[in-house]
Structure formats: C-alpha cells, structure tokens
Amino acid sequence: MPAWNEAEAIGNTIREVRKIASHHDILVVDDGSKDQTAWIARQAGATVLKLPFNLGVGGAMRTGFKYAIRNGYSAVVQVDSDGQHDPHDIDRVVAGLSHADISIGARFAGRGSYDAKGPRRWAMAFLAQVISKVAGTRLTDVTSGFRAANERALHQYIEHFPTEYLGDTIDSLVVAIKSGCTVTQVPVEMKARQAGTPSQSPWKATLYLARSGLVLCFALARRKSPREHLVPSSGDIAGEGSVQA
C-alpha cells in the first residue's frame with residue numbers, strides 16, 4: 001500500500017485486509033506523510049517503510065518492489081490505502097498471475113457498479129483500446145491501481161517504474177508489455193473511499209484526458225528492456241548490482 005497522508009483511512013483498510021486476506025503480508029510505504037499515517041499503519045499490524053520526503057506513488061511503489069525482491073517474495077499485489085479496493089478480490093487478482101506476469105483488477109469488466117463519465121471515461125476507454133492492441137489481449141481498465149505482479153514483472157518495474165503523473169499505471173504497463181511481460185485482467189468491485197473526498201469536476205476530467213494522452217505518447221515512445229534483463233541473476237536488483245545479506 002503506497003500511502004500519503006492517509007491517517008483517516010489506512011488503519012481500517014489494513015485491518016480489513018488482515019481479516020479477509022490474513023495469509024498475505026502487508027507492507028505500507030509511507031510517502032513522506034505529514035500526519036500519523038506511519039504510526040497508525042504499524043499499530044494496525046502492517047510493516048512500514050517511511051520515506052523521508054514525498055516521492056509520488058511511483059517512487060513509493062518502486063521502494064515496495066525492491067523490498068519484496070530483497071525479502072524473497074515471488075509476487076506483489078498493490079492495494080490502495082484509502083479502502084476503495086475490496087480485499088475479497090485480492091486473491092482473485094493474484095490468481096491471474098498463474099497465466100500472466102501482470103494481473104489487473106479491472107473496474108469495467110462486468111462486476112460492480114463503478115462508473116466514470118465524460119472526458120475521464122473517454123480517456124479510460126481510449127487508453128484501454130490502444131494498450132489492448134499493444135498487449136495483444138483485451139483490457140478494459142488500464143489505469144487501475146489494483147494490480148499484481150510476479151517476480152519477472154517486479155524486476156522490470158524496479159528498472160523502469162516511472163514517477164510521473166499516471167506513469168505508475170499507463171507508462172509502467174506499456175513499457176512492461178514492450179519488454180516481454182504478459183498481462184491479464186480480473187473483474188473487481190470498487191468501494192467508496194473510507195475518508196477524504198475524490199476530486200472530480202469537468203475541468204479536472206478534461207485535464208485528465210489531456211494528460212493521459214500525453215503520457216500514452218511518451219510511454220509508446222520509450223525503449224523496451226531486453227528480455228534477458230527481466231530475470232536478473234540471484235541477489236541482483238536492477239540498477240543496484242549485488243545485494244549484500
């Protein structure tokens with residue numbers, strides 16, 4: 001769970017995940033929060049990595065991926081700290097890794113009542129159409145942050161996971177696909193935020209449309225990683241060399 005100033009919601013989110021998916025370990029990457037996010041997460045039973053300042057969700061996720069590989073995990077599933085992702089779907093998303101390197105929890109795949117309208121929905125539909133062609137499989141929700149990755153994808157993420165706006169969803173997915181990772185999607189349901197107010201307005205939706213198109217152009221233009229770099233030798237993390245015990 002990447003988290004930034006989520007003190008109001010993160011405690012309940014962690015407790016719900018622990019109750020429903022107790023067989024999974026929970027890591028919270030506190031992305032330079034100014035509130036009690038880290039303390040509350042620890043009290044709720046999560047392992048916490050606290051970054052000294054805000055790096056953005058991309059930087060937080062890359063930190064979590066490195067932690068996972070260094071500690072011998074073969075897969076990681078990202079869950080939002082605001083409680084919108086249903087813990088009942090965690091195992092379903094992880095199960096998608098049985099036939100793909102990346103499994104996306106898709107909001108527009110026949111389950112739940114989540115909806116987006118106007119320019120924001122247009123952008124999501126356009127992105128899904130383009131990236132589906134790149135991936136060679138039908139994807140309906142490429143901006144979903146509810147996704148799992150196996151070890152092959154984790155090594156690719158560590159080397160290339162971007163920090164730019166929407167880079168953690170669009171850019172990371174396109175580059176992973178171009179580098180040889182396979183992708184699937186699993187239908188999931190979304191819940192209401194446990195705290196805070198989602199920022200939705202016609203102006204922000206239009207801005208989202210423009211930004212997502214720009215991010216997609218950059219993503220498609222980025223160079224792919226050679227396939228042999230996707231599975232580094234034992235003890236090696238991309239970009240850092242050997243990891244000392």
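In this report, we go over the structure that sits alongside the text. (Residues numbered from 1 in each chain as written. Predicted model: local features only at pLDDT ≥ 70, side-chain atom pairs only at ≥ 80, totals over all residues. Heavy atoms only, no water.)

1. Looking at the environment of G145
- Mapped onto the elements of the fold, G145 is located in the loop between α5 (118-135) and β6 (147-150).
- Along the chain, G145 and D80 lie 65 residues apart, while their C-alpha atoms are 7.2 Å from each other.
- Those residues within four positions of G145 in sequence are excluded, and the remaining contacts are Q78 and H85. (Helix = DSSP H or I, 4+ residues; strand = E, 2+ residues; numbered from the N terminus. Contact = heavy atoms within 4.5 Å.)

2. Some remarks on the pairing of strand β3 (residues 47-50)
- Note: strand β2 (residues 27-30) against β3, 4 bridges, orientation parallel. Bridged to D30 within β3 is K50.
- Of the crossover connections in this fold, the one passing from β2 over helix α2 (residues 37-43) to the parallel β3 is right-handed. (Pairing = 2+ DSSP bridges. Right-handed = clockwise from strand over helix to strand, strands pointing away.)

3. Overview of empty space enclosed by the protein
- Under the criterion given, the structure shown has 1 cavity of 30 Å³ or more.
- Roughly 60 Å³ of volume is contained in the largest cavity. (1 Å grid on protein atoms, 1.4 Å probe; cavity = no way out; pocket = protein on both sides within 12 Å on 5 of 7 lines; lining within 4 Å. Points joined across faces, edges and corners; volume = space filled by probe spheres on them.)

4. Details of the pairing of β6
- In β6, alternate side chains face the same way, and those of R147 and A149 on one face and A148 and N150 on the other are all buried.
- In this structure, strand β4 (residues 75-78) lies alongside β6, joined through 4 bridges in antiparallel fashion. In the strand pairing of β6, Q78 is matched with R147.
- In this sheet, β6 lies alongside strand β5 (residues 102-106) in antiparallel orientation, the contact comprising 3 bridges. Bridge pairing in β6 places I104 opposite R147. (Buried < 20%, exposed > 50% of the residue type's maximum accessible area, 1.4 Å probe, protein only.)

5. Observations concerning unusual backbone geometry
- Not every positive phi belongs to a glycine, and N5 is a case in point at roughly 50 degrees.
- As for its placement among the helices and strands, N5 is situated in the loop between β1 (2-3) and α1 (10-20).
- Residue N5 is classed as partly exposed on the basis of its relative accessible area, which comes to 30%.

6. Focus on the sheet that holds β4
- One open sheet holds the 4 strands; their spatial order is β4-β6-β5-β7, and the pairing between them is mixed. In this open sheet, the two edge strands, each paired with only one partner strand, are β4 and β7 (183-187). The sheet shows a mean angle of 15 degrees between the axes of neighbouring strands, taken without regard to direction.
- Lying over the sheet, helix α6 (residues 151-160) contacts β4, β5 and β6, oriented at roughly 100 degrees with respect to β6. (Axes fitted to C-alpha atoms, helices over the stretch in contact; angles between N-to-C directions.)

7. What to know about the pattern of salt bridges
- Tallying each qualifying case throughout the model produces 4 salt bridges.
- Salt-bridge contacts for R152 lead to D101; the nearest nitrogen and oxygen are separated by 3.4 Å. Note that R152 is positioned in helix α6 and D101 in the loop between α4 (90-95) and β5, a separation of 51 residues in sequence.
- On the basis of relative accessible area, R152 is assigned to the partly exposed category, the value being 21%.
- Between D141 and R107 there is a salt bridge, and its shortest N-O distance comes to 2.6 Å. Of the two residues, D141 is situated in the loop between α5 and β6 and R107 in the loop between β5 and α5; the sequence distance between them amounts to 34 residues. (Salt bridge = Lys/Arg side-chain N within 4 Å of Asp/Glu carboxyl O.)

These results come straight from atomic positions and should not be treated as a statement about function.
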